[in-house]
Amino acid sequence: MSTATLSWRQYRLERRMFWRNPAAAFFSFFLPLLFLFLFGAIFRDSQENLDIIVPGIAGLSVMATTFNALATQMTFLREQGVLKRIHGTPLPGGAYLAGIIGSAATNAVFQIAIVIVAARFVFNIGWPQNWPDLIVFTLLGITCFAAMGVAYSHVIPNFEAAPAYTNIVFLPMIFISSVFYDVDVLPKFLADIAEALPLIHVINGLKAGLVTGAPLSDQLSDLAVLAIWTVASVFFAIRGFSWTTRD
Amino acid sequence: MSQSAPAILVRDLHKSYGDHEAVAGVDFEVAAGEIFGLLGPNGAGKTTTVEILEGYRKRSGGIVSVLGFDPEQRPRALRERTGIVLQSCGLYRHIRVREAVAHWAGLYPHPRDVDEVLEITGLAERPNEPARSLSGGQRRRLDLALALIGDPDLIFLDEPTTGFDPAARREAWTTIRQLQELGKTVLLTTHYLDEAQALCDRVAIIKEGRILTEGPPATLSASAGRYRVAWRDEAGKLQEREEEDPTALLHQLTSAALARGAGIEEISVTRPSLEDIYLELTSDPVDEAV
Ligand SMILES: Nc1ncnc2c1ncn2[C@@H]1O[C@H](COP(=O)(O)OP(=O)(O)O)[C@@H](O)[C@H]1O
Ligand SMILES: [Mg+2]
């Protein structure tokens, strides 16, 4: 059977498994949406704030559904020996990972779609101003954070530790990356840190796509930083990958 | 299949973890169609050896060939022809029994029928049971089902029945024997002597990374060579002697008894059982000194 067919079968299994676990589905899927509506309610009178928060939540959702979900899930699959068992079958490792990452990417795309609809009908922002921006940054954000999640799972010692390990990255990153307020309000050193991290650049790009409509050519520096993070993450995701807990 | 090409060939296999040499020069061969057992206490190096043959671990030295492949290269053609039951290994939390077996079937080029495999592994009754709610023994049977679904030529079983109750073990043995009837080759590890004796065509007893003795369970005892002759002497004391060949001793005993005009009380000539051999080989020298 071809690798594409095997990836597709694995993807479908992952989707079924995802929906059979309502708690996990809630955390990686509905929680960001809850954020969207809570912050939307708080800032409903300030269009300026909504213009920041809506793309901010879109970026947060991309990170939560890929980075957080995959770092946790890969740790679980490794610890439980599922990866080891899979590794003993003829399934190519790439097809397996494609299924898992594809499933995470699906959640991210769903959420972006919901944000788009909410932007139009709830937050008065209208339909996306620049689709190419939106598509490019959604896909690049997914790739970058998915690879980061897989790479990060290599340093998480066990499943119990996974939430702590992911939140220590996720929470500070969302607080300084212009998710809830403009980056201008941050002290300079925090703003500098944020600029060095990937999330703010995903959000800049999504903001251009959803709100301002700035052309892709205005986002080159965001693209450049994201490209560096993506290449490094893919490198470490592959290099450190282990199918078993110990040699 | 040619009898000359062994399914598994292991020559001078070594594996170290840091300073610790877990496998220290192991040699054996498994013929196609054979059930071969690695028997030894915990920590003997069974899992290390088997996982090297499965392609999970890298050997530190020696030659290994599995169905003609080097497992360390992890060729897909080899993985298509082997089925693996790991010593311990989990599964998706929310997968169901039949769903898991059907999914695994799709990973192989020529899988067996899903329902047939559920049948022979005794899982047909509850196909929609979530795997995580199975009992330990049932989960082990699911492990076996997932290893058999690809219709492999060679099956690795690392302690397949540990934790089973006696009835479940007998059922598992029947299933494993049926594999042999289908022409499969089986390499199993166990620390249960009766399991090795009941199932294996040949057994290698392994301890501290070395094979101590190897052969069919029946001749293993014989090849230890000795007969144990026991009798009660004229003084009424129980005597026991071990002999390579008991003929001379028996002759001596019987002629002396005849000369005395009395019978020999409680005479017996026995060969050590596999259990005796195993206990003798695997017991610590310290224990013996006591
Ligand atoms: N991944 C590992 N790292 C370090 N030591 C190991 C590892 N796996 C096994 N060992 C050690 O190697 C020896 C043999 O282990 P193992 O092959 O699991 O034996 P068995 O399966 O016969 O119980 C033991 O002393 C064990 O502690
Ligand atoms: Mg073991």
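About the cut-offs
- Residues numbered from 1 in each chain as written.
- Chains lettered and ligands numbered in written order.
- Predicted model: local features only at pLDDT ≥ 70, side-chain atom pairs only at ≥ 80, totals over all residues.
- Heavy atoms only, no water.
- Pairing = 2+ DSSP bridges.
- Helix = DSSP H or I, 4+ residues; strand = E, 2+ residues; numbered from the N terminus.
- Axes fitted to C-alpha atoms, helices over the stretch in contact; angles between N-to-C directions.
- Contact = heavy atoms within 4.5 Å.
- Donors = N, O, S within 2.8 Å, 3.2 Å for Na, K, Ca; no water.
- Buried < 20%, exposed > 50% of the residue type's maximum accessible area, 1.4 Å probe, protein only.
- Arc of directions from axis to C-beta.
- Salt bridge = Lys/Arg side-chain N within 4 Å of Asp/Glu carboxyl O.
- Parallel < 35°, antiparallel > 145°, perpendicular 65-115°, else oblique.
- Left-handed = near helix turned anticlockwise from the far one by under 90°.
- Nonpolar A, V, L, I, M, F, W, Y, C, P; charged D, E, K, R; others polar.

S.K.: Outline the sheet that holds strand β10 (residues 227–232) of chain B, listing residues and values.
M.R.: Sheet strands line up and pair through hydrogen bonds in the backbone, either parallel or antiparallel. All names here are of chain B. Pairing is antiparallel in the open sheet, where three strands are placed in the order β11-β10-β12. The two strands at the open ends of the sheet, each matched to only one other strand, are β11 (238–243) and β12 (265–270). Across the sheet, the mean angle from the axis of one strand to that of its neighbour is 10 degrees, orientation sign disregarded. Sitting on the sheet, helix α9 (residues 247–260) is in contact with β10, β11 and β12, with an inclination near 15 degrees to β10.

S.K.: Which residues make up the coordination of the magnesium ion (ligand 2), and what values do they have?
M.R.: Residue and element names in this part refer to chain B. At the metal site, the magnesium ion (ligand 2) is ligated by Thr-47 (OG1) and Gln-87 (OE1), and these contacts range over 2.0 to 2.2 Å. Taken together, the residues Thr-47 in helix α1 (residues 46–53) and Gln-87 in the loop between β5 (82–85) and α3 (97–105) connect sequence positions 40 residues apart. Residue classification places Thr-47 among the buried positions, given a relative accessible area of 17%.

S.K.: With reference to specific residues and values, describe helix α10 (residues 274–282) of chain B.
M.R.: Since there are 3.6 residues in each turn of an α-helix, residues three or four apart along the chain are aligned in direction. Those residues of α10(B) lying buried are Leu274(B), Ile277(B), Tyr278(B) and Thr282(B). End-on, the buried residues of α10(B) take up no more than an arc of 105 degrees, which puts them together on one face.

S.K.: Pulling in residues and values, what's your account of unusual backbone geometry?
M.R.: Residue and element names in this part refer to chain B. Despite not being glycine, Leu-67 has its phi angle at roughly 50 degrees, a positive value. Residue classification places Leu-67 among the buried residues on the basis of a relative accessible area of 16%. One non-glycine residue, Glu-208, lies in positive phi territory at about 45 degrees. Structurally, the position occupied by Glu-208 is in the loop between β8 (202–207) and β9 (210–215). Residue Glu-208 is classed as exposed on the basis of its relative accessible area, which comes to 55%.

S.K.: So, the environment of Leu223(A): which residues are in play, and what are the values?
M.R.: Residues and elements named next belong to chain A. Residue placement: Leu-223 occurs in helix α10 (residues 220–239). The spatial distance from the C-alpha of Leu-223 to the C-alpha of Gly-205 is 8.2 Å, given a sequence separation of 18 residues. Those residues in contact with Leu-223 that lie beyond four places of it in its chain are Val-136, Phe-137, Leu-140 and Leu-216.

S.K.: Let's hear about the pattern of salt bridges: which residues, and what values?
M.R.: The final tally for this structure, using the stated rule, is 26 salt bridges over all chains. Taking the shortest distance from any N to any O, the salt bridge between Glu243(B) and Arg241(B) comes out at 3.4 Å.

S.K.: Can you break down the sheet that holds strand β2 (residues 20–30) of chain B residue by residue, with the values?
M.R.: All names here are of chain B. The three strands are arranged β2-β1-β4 in an open sheet whose pairing can be described as antiparallel. Here the strands that pair on one side only, and so sit at the sheet edges, are β2 and β4 (61–66). Between one strand axis and the next, the sheet turns by 25 degrees as a mean value, whatever way the strands run. The sheet contact formed by strand β1 (residues 8–17) and β4 spans five bridges and is antiparallel. When the sheet's bridge partners are listed, Leu-9 is paired in β4 with Ser-65.

S.K.: Could you give an account of the packing of helix α9 (residues 199–212) of chain A against α10(A), with specific residues and numbers?
M.R.: Each packed pair of helices is defined by two parameters, the angle between the axes and the distance between the axes. Residue and element names in this part refer to chain A. One can describe the packing of α9 onto α10 by two numbers: an axis separation of 9 Å at closest approach and a directional angle of 140 degrees. Classified by the angle their axes make, α9 and α10 are oblique. Considering only the axes of α9 and α10, their crossing is left-handed. Here His-201, Val-202 and Asn-204 of α9 lie close against α10, whose contacting residues are Asp-222, Val-225 and Leu-226. Residues belonging to the contact of α9 with α10 are distributed by class as follows: three nonpolar, two polar and one charged.

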